[in-house]
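Residue-level listing of the chains:
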2 protein chains.
Amino acid sequence: MAQAATEAAQTARATIGDSEFDRDTAVTLREEGVYDAELSAGWTIIHAVNGGYLLALLGRALGEALPHADPFSVSAHYLTASVPGPAVIRTQTVRTGRTLSTGQASLFQYAEDGSEIERIRVLATYGDLDALPDDVRTTALPPAMPDRDHCLGPSDGAPRIPGSSAITDRLDIKLDPATVGWAVGAPSGKGEMRGWFGLADGRDADALSLLLTVDALPPTSFELGLTGWTPTVELTTHIRCRPARARCASPSPPATSRAASWRRTPRSGTAPTASSPSPASWRRPRAPSRRTRTTSPAPVRAQSRAGASSSQWARPMVTSRSRRRVCLTTSRSRSGPASSSADAVITMWST
Amino acid sequence: MAQAATEAAQTARATIGDSEFDRDTAVTLREEGVYDAELSAGWTIIHAVNGGYLLALLGRALGEALPHADPFSVSAHYLTASVPGPAVIRTQTVRTGRTLSTGQASLFQYAEDGSEIERIRVLATYGDLDALPDDVRTTALPPAMPDRDHCLGPSDGAPRIPGSSAITDRLDIKLDPATVGWAVGAPSGKGEMRGWFGLADGRDADALSLLLTVDALPPTSFELGLTGWTPTVELTTHIRCRPARARCASPSPPATSRAASWRRTPRSGTAPTASSPSPASWRRPRAPSRRTRTTSPAPVRAQSRAGASSSQWARPMVTSRSRRRVCLTTSRSRSGPASSSADAVITMWST
């Protein structure tokens with residue numbers, strides 16, 4: 001019986017290739033190097049399509065256009081805000097080599113007169129993540145963070161935002177309570193955002209979905225007490241390894257009900273203050289679900305930080321294959337009310 | 001007399017616009033958006049032209065082509081190794097706005113049959129550094145580091161490298177002794193490289209010369225005990241403010257003699273081991289010069305780190321105009337013998 005229940009839970013989860021994320025980032029070859037796409041309204045926040053979703057679309061097109069399939073380094077410059085609807089991705093192969101290929105891609109949408117408007121342009125180098133050497137040296141350890149059931153998601157409060165919060169239905173983000181002071185008018189002042197990341201339908205992470213993850217957390221400027229729209233100017237992502245696909249054993253509701261719990265339902269609650277334009281309110285956690293299961297998608301620990309760290313690395317470098325779990329690093333510029341909010345270094349670990 | 005001597009020293013220093021760096025990164029308009037350049041042999045290391053010098057050349061061309069003059073975010077993908085000689089830079093204006101402009105530029109050299117070979121391609125967003133808000137919040141502090149006279153430069157040992165070390169004559173780098181163990185066969189294992197950076201002819205740093213600085217330190221992989229060529233795949237630079245131009249009062253030889261001290265002179269000494277392919281040996285410092293002067297170029301503290309840091313930020317964020325002295329952050333991928341050597345986060349402070 002227990003085994004049957006486990007298998008049923010596994011069946012309910014979306015899989016890589018058959019998930020919301022995969023359907024909504026599908027691209028259709030129009031002609032060599034040119035791909036049609038449809039920007040889904042399901043990935044919007046406030047008034048724009050999420051930048052990580054766009055990055056994944058471009059990443060998928062480049063993975064098809066280039067001889068190598070895996071994004072290694074993706075440098076994106078955001079030009080104009082994207083809206084749901086048709087788009088075209090034009091790619092160019094810049095250089096191909098034995099181990100690396102470099103390409104360029106731009107996503108365009110259409111003006112009323114039919115002319116193309118460029119939304120985002122990327123330069124990217126692709127390779128084969130499986131071919132990277134096992135010798136990895138790093139001092140990095142995953143951030144100390146409560147387990148998922150003690151972290152906070154949008155379903156822990158009442159969504160109140162001006163405009164769309166559709167993307168919260170697609171994601172399974174649980175923020176470290178230490179980084180959600182902004183939602184209750186008490187930002188920590190530390191400029192950090194930390195949480196567990198997964199896709200709401202249970203799809204495992206892969207290199208492509210990491211490109212979505214890099215733009216999924218609320219801006220670190222919220223925890224500095226700074227509000228307002230902080231559009232991304234540039235975002236570079238370096239993917240270091242495939243995220244782990246091992247199942248974690250922590251108690252969590254089955255994927256299907258967890259996805260459902262992210263649907264917006266009217267709920268009484270304290271409206272966010274004017275100083276916390278939260279895409280959804282992050283409140284005290286509800287009691288953890290008592291249901292336990294032996295499998296769930298392996299979430300990714302994501303951490304972004306404003307400004308530049310100067311803290312010393314006390315730990316010696318170690319060589320360990322397990323350290324490959326540091327699956328990406330990024331750097332980023334935003335335009336915003338304080339120039340430090342323009343900085344973020346994002347690091348992700350898979351469990 | 002003292003005042004006359006000071007003025008003479010000041011006169012001897014190269015100035016922004018009239019220095020080795022400015023002459024060697026000059027570009028000549030061929031037609032709209034297209035610039036001719038001559039890659040100088042003076043900026044080579046081993047067998048290739050330095051990647052930071054190339055970045056500065058592209059940065060200068062884009063600063064001329066775009067309506068905004070200052071590089072904010074520059075994402076570079078390195079395609080093939082450059083060699084001294086003629087080159088052409090082709091720029092494209094991608095988008096212009098009130099506060100930001102985005103452009104693209106590629107540097108090409110010529111094959112024997114006259115066809116163009118692309119060396120490096122960049123996407124870059126430019127703006128006006130003086131127009132950034134004063135409200136800066138960061139936890140970053142400059143790294144603890146000995147003063148310049150207790151740091152080590154190439155003139156502290158005998159240069160022994162296969163190929164060119166010409167670039168060491170252009171630069172005034174003094175490495176923290178804690179990060180030069182690699183030069184004597186005792187790498188620290190920490191994957192850090194830290195030092196004072198200046199130009200040998202005394203030219204002050206500006207936003208453009210920072211693009212050179214980001215590729216000026218030896219690879220962090222040396223301090224991991226890893227040897228071999230580790231070409232840069234991608235390098236993104238976010239410039240946050242103009243470096244300070246205040247003069248520092250620390251004792252240092254006049255610029256002219258300091259520049260001279262970087263010339264290669266035969267010297268007896270221990271040859272580097274096979275495991276330390278140093279562009280120059282970094283040995284115990286000679287006694288600091290007894291000459292003191294009241295002015296010298298303001299050097300930049302540069303620090304690069306392999307891997308991804310997970311150390312916590314203990315300090316609260318502070319708001320301070322002086323914190324603007326964190327003048328840039330970068331992220332980088334290299335291809336190399338260990339995939340962690342592929343990572344580096346570079347941060348720079350001006351004094």
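Once a new chain begins, its residue numbering starts again from 1 and follows that chain's sequence as written. Written order determines the labels here, with chains lettered from A and ligands numbered from 1. Selection of residues for local features in this predicted model requires a pLDDT of at least 70, selection of side-chain atom pairs for listing and counting requires 80 or more, and totals for whole chains, interfaces and linings are taken over all residues. Side-chain measures here rest on the full set of heavy atoms in the structure, leaving out hydrogens and waters.

- Chain A appears in an unreviewed UniProt entry as Thioesterase-like superfamily protein from Streptomyces microflavus.

1. A word on the confidence of the model for chain A
Residue and element names in this part refer to chain A.
Okay, step 1: Within chain A, residue pLDDT values average 74, and 63% of them lie at 70 or more.
Okay, step 2: Note that residues 307-324 has pLDDT below 50 and, in this model, 74 contacts with residues that lie over four places away or in other chains.
Okay, step 3: Contacts from residues 338-343, a stretch scored under 50 in pLDDT, to residues over four places away or in other chains number 29 contacts. Per-residue confidence from the predictor is reported as pLDDT, a score between 0 and 100. Note on contacts: a residue pair is in contact if any heavy atoms of the two residues lie within 4.5 Å.

2. Here's the deal with the environment of Arg242 of chain A
Residue and element names in this part refer to chain A.
Okay, step 1: Only DSSP runs of H or I with at least four residues qualify as helices, and only runs of E with at least two residues qualify as strands; both kinds are numbered from the N terminus onward. Along the polypeptide, Arg242 turns up in the loop between strand S12 (232-239) and helix H5 (255-261).
Okay, step 2: Taking the C-alpha atoms as reference, Arg242 lies 9.1 Å from Leu210; in sequence the two are 32 residues apart.
Okay, step 3: If near-sequence neighbours (up to four positions away) are discounted, Arg242 is found in contact with Asp70, Asp128, Leu129 and Asp130.
Okay, step 4: Any pair of N or O atoms that falls within 3.5 Å is considered a polar contact. Within protein, one atom must be able to donate a hydrogen and the other to accept it, and sequence-neighbouring residues count only if both atoms are side-chain atoms. A distance of 2.8 Å separates a polar atom in the side chain of Arg242 from a polar atom in the side chain of Asp70.
Okay, step 5: A polar atom in the side chain of Arg242 sits 3.0 Å from the side chain of Asp130.

3. Things to note about the pattern of salt bridges
Residues and elements named next belong to chain B.
Okay, step 1: When a carboxyl oxygen of Asp or Glu lies within 4 Å of a side-chain nitrogen of Lys or Arg, that pair is called a salt bridge. Under the defined criterion, the tally for this structure stands at 28 salt bridges over all chains.
Okay, step 2: A salt bridge links Arg203 to Asp206, with the shortest nitrogen-to-oxygen separation between them at 3.0 Å.
Okay, step 3: A residue is classified by how much of its surface remains accessible, and Asp206, at 18% relative accessible area, is buried. Relative accessibility under 20% of the residue-type maximum defines a buried residue, over 50% an exposed one, and the middle range a partly exposed one, all with a 1.4 Å probe and only protein chains included.

4. Details of unusual backbone geometry
Okay, step 1: Of note in this structure, Ile46 of chain A is not a glycine but carries a positive phi near 55°.
Okay, step 2: Turning to its location among the elements, Ile46 of chain A is positioned in the loop between strand S3 (44-45) and strand S4 (48-49).

5. Some details on the side chain of His238 of chain B
Residue and element names in this part refer to chain B.
Okay, step 1: Looking at where His238 falls in the secondary structure, it is placed in strand S12 (residues 232-239).
Okay, step 2: With a relative accessible area of 0%, His238 lands in the buried category.
Okay, step 3: Of note is the side chain of His238, whose polar atom sits 2.8 Å from the side chain of Ser73.

6. Focus: helix H3 (residues 51-65) of chain B
All names here are of chain B.
Okay, step 1: Over its 15 residues, H3 runs 21 Å from end to end, which matches the ideal 21 Å to within 8%, given 1.5 Å per residue.
Okay, step 2: Within H3, twelve of the 15 residues are buried, leaving the element largely enclosed by the surrounding structure.
Okay, step 3: Where H3 is concerned, the buried positions are Gly51, Gly52, Tyr53, Leu54, Leu55, Ala56, Leu57, Leu58, Gly59, Arg60, Ala61 and Leu62. By this rule the span expected of a helix is its residue count minus one, scaled by 1.5 Å.

7. Description of the pairing of strand S10 (residues 171-175) of chain A
All names here are of chain A.
Okay, step 1: Most of S10 is tucked away, with five of its five residues classed as buried.
Okay, step 2: Strands qualify as paired when DSSP identifies two bridges or more between them. Strand direction decides the pairing type here: S10 and strand S11 (residues 192-199), joined by five bridges, are antiparallel. The residue of S11 that forms the bridge with Ile173 is Phe197.

8. Digging into the packing of aromatic side chains
Two aromatic rings, taken as a pair, are described by how far apart their centres are and by the angle between their planes.
Residues and elements named next belong to chain A.
Okay, step 1: Between the rings of Phe, Tyr and Trp (Trp by its six-membered ring), a pair exists once the centres lie within 6.5 Å; its type follows the angle of the planes, with under 30 degrees stacked, over 60 edge-to-face, and the other angles tilted. For the structure shown, the criterion picks out six aromatic pairs over all chains.
Okay, step 2: Ring plane angle 75° and centroid distance 6.3 Å describe the contact between Phe21 and Trp43, whose orientation is recorded as edge-to-face. Here the residue Phe21 occupies a position in helix H2 (residues 20-24), and Trp43 occupies one in the loop between strand S2 (34-39) and S3, the gap between them amounting to 22 residues.
Okay, step 3: By relative accessible area, Trp43 is classed as buried at 0%.
Okay, step 4: By the ring-pair criterion, three or more aromatic residues cluster together here, those being Phe21, Trp43 and Tyr53.

9. Let's talk about the side chain of Gln104 of chain B
Okay, step 1: The residue Gln104 of chain B is located in strand S7 (residues 101-110) in this model.
Okay, step 2: Look at Gln104 of chain B and you get buried, because its relative accessible area is 7%.
Okay, step 3: At 2.9 Å, the side chain of Gln104 of chain B and the side chain of Gln104 of chain A are in polar contact.
Okay, step 4: Sequence-distant contacts of Gln104 of chain B, that is, excluding residues within four places in its chain, are made with Gln104 and Arg121 of chain A together with Leu62, Arg90, Thr91, Gln92, Val94, Arg121, Val122 and Leu123 of chain B.

10. Observations concerning the environment of Ala144 of chain B
Residues and elements named next belong to chain B.
Okay, step 1: Its place among the elements puts Ala144 in the loop between strand S9 (137-138) and strand S10 (171-175).
Okay, step 2: Given the relative accessible area of 65%, Ala144 is considered exposed.
Okay, step 3: Expressed as a C-alpha distance, the spacing of Ala144 and Arg301, which sit 157 residues apart in the sequence, is 9.9 Å.
Okay, step 4: Ignoring sequence-local partners within four residues, the contact set of Ala144 consists of Asp176 and Arg194.

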